[in-house]
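Read off the chains here:
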Amino acid sequence: MQTIAETLVAARVCGGIGRAAIQWQAEQDGVDESAVRARMRGTLAVMRQSVQDGLNPAMRSLSGRVGGQAAKLAAFGQPDRMGLLGTACAYALAVAESNACMGKIVAAPTAGSCGILPGVLLAVQEKEGFSDDMLVTALFTAAAVGRAIALQATVSGAEGGCQAECGSAAGMAAAALTELYGGTPQQAADACAFALMNMLGLVCDPVQGLVEIPCVYRNAGGAAQALTAAQLALSGVACPIPCDEMILAMKDVGDAMPPSLRETGEGGCAACGGLCVR
Amino acid sequence: MDMFDLIGPVMIGPSSSHTAGAARIGKLARMLLGGEPAQAKIGLWGSFQKTYQGHGTDRALVGGLLGMEVDDIRLRDSLTYVQDAGLKVSFYNAKLRNAHPNTVVMELTNRAGRSIRLQAASVGGGEIVIQSVDGLETAISGHINTLVLTYRDTPGMIARISGEVAASRLNVATMRVARCAAGGEAIVTLELDGNAEPELIQRLEKISDVYHVAYLPARVPNVAGETGRDMPCRP
């Protein structure tokens, strides 16, 4: 399962990308599928706690610039003002802020993009009542897609820009959402391709090199992109570009990015002199 | 690369290189030193020097020195634990040549008075390399059970050391030897397939001209995933 195309072949046999990934991991570890599911359930528990941690309005990062903003977003969304989108963005921001504040998080695929996947999955679980077991399978869907991205391109912002971090996280989350809502493996691949397409070219430009600005807000934005991409795919819109080609395009764009836009803290947002104090 | 490398590791934020990697360096340095550290002079270089406060690199290094793992929530407040732990810590801006941007140098002394110097780099995604111990070149990643011996460079030492390892029916995966000068202090780094029992460590310590034996077991992934895996992860 090195590419999305190979992953789709395995998914046809196993009845889904997530199930194929569980089987693959169990074979790798030489253990029962129940053991790898149990391990992922532990990961899900950390994700859930990281959302709760990040919703604490008193939380502040070491620089003092982020923290407590997810609580504002969550409060604004009550009682269902912005719907699923508002909840997913608030949760994604919560996890990203928790990361910035030295909280415990699950890198998914990286620490800088750790909010997107738990943000959308835990938000849709609240709305739709999906079981934890279903979320565990969806996390494996995300992992398989992320692995195909990492093997063919990169998930590192220093190598490929934010499109490789938050873009990959959104692609992984979009695929996970699609299988969670009963979409086919092909639709999940399309959802990932849409997310990568819509976040193509996003640069990695952390202010003062810290995983704070714009990183935490990009997690909120990435959650929205993941939901949009999953909706497109689930509604039957086929992505005109195959997912593997989108991954390679992302790599090419990353390779073409100047170093100043790849996590050096020089270009983009990092080059803006004034930071608002409000 | 497996599925849990993409959904994982569980770690304390904000950065896999500047926080999780730093904690791993601290933990491995503690194991290399042996015993409880009493003094740590820590020099930061490059991006570590410029951004350590915002990334909690100092807290992570100290937390690791105190034995904390990358997913230990106490990393955040590790500097408040040093007094109770009897650890004196000082930081300074190191000046290095041709070093990786995320490099740290440490001079450590334990309660028994043993001192070591080391240089390590956090090379991305939580991956780290201990590059030298007491000025002797090594390459310790922490991914595999590793024995590190310092000894006086005399003929037959490698055979005696590897003989003891073989007597424990352990396979050596990789081996790296360096020395400062013929007949001077030397270091051998042995990566093992399997776990070194305390008896093996004791036998190695008894070999004449062996100065110190450090054993750095790789962290075993927790099946429940609660405590996370020790890597790899990414920035």
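Residues numbered from 1 in each chain as written. Chains lettered and ligands numbered in written order. Predicted model: local features only at pLDDT ≥ 70, side-chain atom pairs only at ≥ 80, totals over all residues.

*Asks:* Pulling in residues and values, what's your account of the interface of chain A and chain B?
*Replies:* Contacts between the two partners involve 45 residues from chain A and, on the opposite side, 35 residues from chain B. Breaking the side of chain A that touches chain B down by element, the ones donating at least two residues are α2 (17-29), α3 (33-54), α5 (83-100), β1 (104-106), α7 (132-152) and α8 (157-160) of chain A. Ranked by the residues each element gives to the side of chain A that touches chain B, the list is headed by α7 of chain A, at nine residues. With three bridges joining them, β1 of chain A and strand β1 (residues 10-12) of chain B adopt antiparallel strand pairing. Bridged to K104 of chain A within β1 of chain B is I12 of chain B. (Contact = placed C-beta atoms within 7 Å. Helix = DSSP H or I, 4+ residues; strand = E, 2+ residues; numbered from the N terminus. Pairing = 2+ DSSP bridges.)

*Asks:* Account for the pairing of strand β4 (residues 102-110) of chain B, naming residues and giving values.
*Replies:* Residues and elements named next belong to chain B. Here nine bridges tie strand β2 (residues 37-46) to β4, and the two strands are oriented antiparallel to one another. Residue pairing for β4: A40 is matched across the bridge by L108. Taking the residues between adjacent antiparallel strands as the criterion, β4 and strand β5 (residues 115-124) are bridged by four residues, where G113 takes a positive phi near 95°.

*Asks:* Which residues make up the nonpolar core, and what values go with them?
*Replies:* In this structure, V120, A173, A174, A191, C192 and A226 of chain A are the most contacted members of the largest nonpolar core, which totals 169 residues. Here this core takes 12 residues from helix α9 (residues 162-180) of chain A, the largest share from any one element. Three or more residues apiece are contributed to this core by two domains, here domain 1 (1-143 + 223-235) and domain 2 (145-217) of chain B. Those residues in contact with A174 of chain A that lie beyond four places of it in its chain are A191, C192, F194, A195, A226, A229 and A230 of chain A. (Core = buried A, V, L, I, M, F, W, Y, C linked by C-beta atoms within 7 Å. Buried ≥ 20, exposed ≤ 12 C-beta atoms within 10 Å, placed from the backbone. Domains from an automatic or database assignment.)

*Asks:* Tell me what's going on with unusual backbone geometry, and back it up with residues and numbers.
*Replies:* Cis geometry marks the peptide bond from Q78 of chain A to P79 of chain A; its omega dihedral reads -15°. The topology assignment puts P79 of chain A in the loop between α4 (69-76) and α5. That bond from G13 of chain B to P14 of chain B is cis: its omega, 10°, falls within 30 degrees of zero. Positionally, P14 of chain B belongs in the loop between β1 and α2 (16-33). Positive phi, close to 50°, is recorded for D134 of chain B, a residue that is not glycine. Looking at the element boundaries, D134 of chain B is found in the loop between β6 (127-133) and β7 (136-140). Classification of D134 of chain B by C-beta neighbours within 10 Å gives partly exposed; the count is 16. The phi dihedral of R169 of chain B falls on the positive side, at around 55°, and the residue is not glycine. Here R169 of chain B shows up in the loop between α6 (157-167) and β9 (171-179).

*Asks:* Before we move on, can you summarise helix α12 (residues 243-256) of chain A with the specific residues and values?
*Replies:* All names here are of chain A. The end-to-end C-alpha distance of α12, which contains 14 residues, comes to 20 Å, matching closely the 20 Å that a straight helix rising 1.5 Å per residue would cover. By the burial criterion, the buried members of α12 are C243, D244, M246, I247, M250 and G254. Along α12, the residues classed as buried sweep out an arc of 160° about the axis, all on the same side. Within α12, the exposed residues directed more than 90 degrees away from the buried face are D252 and A256. Looking at the buried residues of α12, the elements they touch are α1 (4-14), α7, α8, α9 and α10 (185-198). (Expected span 1.5 Å × (residues − 1). Arc of directions from axis to C-beta.)

*Asks:* Which residues make up the confidence of the model for chain B, and what values go with them?
*Replies:* Residues and elements named next belong to chain B. Mean pLDDT over chain B works out to 91, with 93% of the residues at or above the 70 mark. At the level of individual helices and strands, chain B shows its lowest average pLDDT in helix α3 (residues 47-55), which scores 91, and its highest in strand β3 (residues 88-93), which scores 98. Below pLDDT 50 for its whole length, residues 222-235 participates in 65 contacts with residues either more than four positions away or in separate chains. (pLDDT = per-residue confidence, 0-100.)

*Asks:* So what about the sheet that holds β4 of chain B? Which residues, and what values?
*Replies:* Residue and element names in this part refer to chain B. Within the open sheet, the six strands sit side by side as β3-β2-β4-β5-β6-β7. Their pairing is mixed. The two strands at the open ends of the sheet, each matched to only one other strand, are β3 and β7. This sheet shows a mean twist of 20° between the axes of neighbouring strands, independent of strand direction. Each of β2, β4, β5, β6 and β7 touches α2; the most contacted strand, β5, lies at about 155° to it. (Axes fitted to C-alpha atoms, helices over the stretch in contact; angles between N-to-C directions.)

*Asks:* I'd like to hear about the environment of C14 of chain A, residue by residue, with values.
*Replies:* Residue and element names in this part refer to chain A. With respect to the helices and strands, the residue C14 is situated in helix α1. A count of 16 C-beta atoms within 10 Å places C14 in the partly exposed class. The spacing of C14 and A191 is 177 residues in sequence and 20 Å in space, taken between C-alpha atoms. Discounting chain neighbours no more than four positions away, the residues touching C14 are R19, A20 and Q23.

*Asks:* Tell me about the pairing of β5 of chain B, residues and numbers included.
*Replies:* Residues and elements named next belong to chain B. Burial analysis of β5 places seven of its 10 residues in the buried class, which makes it a mostly covered element. Two strands pair when backbone bridges link them, and β4 and β5 are joined in this way by seven bridges, in the antiparallel orientation. Directly across from M106, in β5, lies its bridge partner L118. Strand direction decides the pairing type here: β5 and β6, joined by six bridges, are antiparallel. The residue of β6 that forms the bridge with S122 is I128.

*Asks:* Give a detailed account of the packing of α3 of chain A against α5 of chain A, specifying residues and quantitative values.
*Replies:* All names here are of chain A. Running from N to C, α3 and α5 point in directions that differ by 85°, and their axes come no closer than 7 Å. Classified by the interaxial angle, the pair formed by α3 and α5 is roughly perpendicular. Contacts between α3 and α5 involve S50, V51, D53 and G54 from the first element and Y91, A94, V95, E97 and S98 from the second. Partitioning the contact of α3 with α5 into residue classes produces four nonpolar, three polar and two charged. (Parallel < 35°, antiparallel > 145°, perpendicular 65-115°, else oblique. Nonpolar A, V, L, I, M, F, W, Y, C, P; charged D, E, K, R; others polar.)

*Asks:* Lay out the sheet that holds strand β10 (residues 185-193) of chain B in plain terms, naming residues and giving numbers.
*Replies:* All names here are of chain B. Sheet architecture is open: four strands sit in the order β9-β10-β8-β11, paired in antiparallel fashion. A single partner strand is all that each edge strand has here, and the edge strands are β9 and β11 (210-216). For this sheet, the mean angle separating the axes of adjacent strands, direction not counted, is 15°. Looking at chain direction, β9 and β10 are connected through eight bridges and run antiparallel. Paired with V172 across the bridge in β10 is L192. Where α2 meets the sheet, its contacts fall on β8 (146-152) and β11, and the angle it forms with β11 comes to roughly 145°. Docked against the sheet, helix α7 (residues 198-206) engages β8 and β11, running at close to 160° with respect to β11.

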